[in-house]
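# Commentary on secondary and tertiary structure
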Amino acid sequence: MKNSPQSIKPQPAYANPLARLVRWLDRVPYTLLAIPLRIAVATVFWNSAMSKLANWATAMELFREEYKVPLLPPEVAAYMAVSIELTAPVLLMLGLATRPVALVLLGMTSVIEIFVYPQAWPTHIQWAAMLLVLLCRGAGACSLDHLLRRRWMR
């Protein structure tokens, strides 16, 4: 009985290349993952601010005619949006106030998805996924948040 369960020796985990790859990936520090997340989200919102500022009259017209955010006058919504889109990316790149910034951007993403472009959910869910990771795990060790937390914990 060559193939009986008793005669088959289990291979050590290191012998399986797939298992080695999974173990290697499991050891990637969160900090290395957080950096591209912060950059990706910052880029999305920074580019949006730059397009609004490139032609403010067109941006205002979009807020009046197309975006129509409920409860806010178009001018207020436009100034709020561009203020958030200018501030949040800088904070994300520095890794400063990352969790509150992620929460604000999740709120903004939700408003965009629900009231402005509901058909763009595949894009918005990507933004939301990145923001949820940053909200739950923070900016990582390469951030001002980390330096400030270390200083306050002393």
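Below you will find a few notes about this structure.

### Some details on the packing of helix 2 (residues 30–54) against helix 4 (residues 74–94)
Two elements in contact, helix 2 and helix 4, have axes whose closest approach is 8 Å; the angle formed by their N-to-C orientations is 150 degrees. Overall, the two elements helix 2 and helix 4 adopt an arrangement that is roughly antiparallel. The two elements helix 2 and helix 4 meet at a crossing, and its hand is left-handed. Where helix 2 abuts helix 4, its residues Arg38, Ile39, Val41, Ala42, Phe45, Trp46, Ser48, Ala49, Met50, Lys52 and Leu53 lie against Ala81, Val82, Glu85, Leu86, Pro89, Val90, Leu92, Met93 and Leu94. Partitioning the contact of helix 2 with helix 4 into residue classes produces 16 nonpolar, 1 polar and 3 charged.

### Section: the pattern of salt bridges
Per the counting criterion, the structure on display carries 3 salt bridges. Residue Glu61 pairs with Arg64 through a salt bridge whose shortest N-O separation is 3.5 Å. Linking Glu61 with Arg64, this pair stays in helix 3 (residues 56–67), spanning 3 residues, or about one helical turn. Overall, the relative accessible area of 34% leaves Arg64 in the partly exposed class.

### Thoughts on a nonpolar patch on the surface
Together, Trp46, Met50, Leu53, Val90, Leu94, Leu144, Leu147, Leu148 and Trp152 give the surface a local cluster of nonpolar side chains, amounting to about 830 Å² of exposed area. Those elements that provide at least two residues to the nonpolar patch are helix 2, helix 4 and helix 7 (144–153). For the nonpolar patch, the element with the highest residue contribution is helix 7, accounting for 4 residues. Checked against the element boundaries, Trp46 lands in helix 2.

### A short note on the side chain of His124
Within the element layout of this structure, His124 appears in helix 6 (residues 121–137). You can call His124 buried: its relative accessible area is 6%. Polar contacts involving the side chain of His124 include one to the side chain of Glu113, which spans 2.5 Å.

### Observations regarding the environment of Val104
Note that Val104 resides in helix 5 (residues 98–116). Here Val104 falls in the partly exposed class, since its relative accessible area comes to 44%.

### Quick look at the packing of helix 2 against helix 6
Packing of helix 2 against helix 6 brings their axes to within 10 Å, and their N-to-C directions diverge by 130 degrees. Here helix 2 is positioned oblique relative to helix 6, judged by the angle of their axes. Handedness of the crossing formed by helix 2 with helix 6: left-handed. For the pair helix 2 and helix 6, the contacting residues are Tyr30, Ala34, Leu37, Arg38, Ala40, Val41, Val44 and Phe45 in the first and Trp127, Met130, Leu131, Val133, Leu134 and Arg137 in the second. In the contact of helix 2 with helix 6, the residues fall into 12 nonpolar, no polar and 2 charged.

### Topic: the nonpolar core
Grouped together as the largest cluster of nonpolar side chains are 25 residues, with contacts concentrated most on Val41, Leu92 and Leu105. Contributing elements (two or more residues each) for this core: helix 2, helix 3, helix 4, helix 5 and helix 6. The dominant element in this core, judged by the number of residues it contributes, is helix 5, at 7 residues.

### Observations concerning helix 5
In a regular helix each residue adds 1.5 Å, so 19 residues correspond to 27 Å; helix 5 covers 25 Å between its end C-alpha atoms and thus fits that length. Three or more residues of helix 5 are buried, namely Thr98, Val101, Ala102, Leu105, Leu106, Met108, Thr109, Ile112 and Val116. Residues of helix 5 that are buried in the fold lie against helix 2, helix 3, helix 4, helix 6 and helix 7.

Cut-offs applied
Residues numbered from 1 in each chain as written. Predicted model: local features only at pLDDT ≥ 70, side-chain atom pairs only at ≥ 80, totals over all residues. Heavy atoms only, no water. Axes fitted to C-alpha atoms, helices over the stretch in contact; angles between N-to-C directions. Helix = DSSP H or I, 4+ residues; strand = E, 2+ residues; numbered from the N terminus. Parallel < 35°, antiparallel > 145°, perpendicular 65-115°, else oblique. Left-handed = near helix turned anticlockwise from the far one by under 90°. Contact = heavy atoms within 4.5 Å. Nonpolar A, V, L, I, M, F, W, Y, C, P; charged D, E, K, R; others polar. Salt bridge = Lys/Arg side-chain N within 4 Å of Asp/Glu carboxyl O. Buried < 20%, exposed > 50% of the residue type's maximum accessible area, 1.4 Å probe, protein only. Patch = residues over 30% accessible without salt bridge, like charges linked within 9 Å, V, L, I, M, F, W, Y side chains within 5 Å. Areas by Shrake-Rupley, 256 points an atom, 1.4 Å probe, with all protein chains shown as cover. Polar contact = N/O pair within 3.5 Å; in protein donor to acceptor, adjacent residues only side chain to side chain. Core = buried A, V, L, I, M, F, W, Y, C linked by side-chain atoms within 4.5 Å. Expected span 1.5 Å × (residues − 1).

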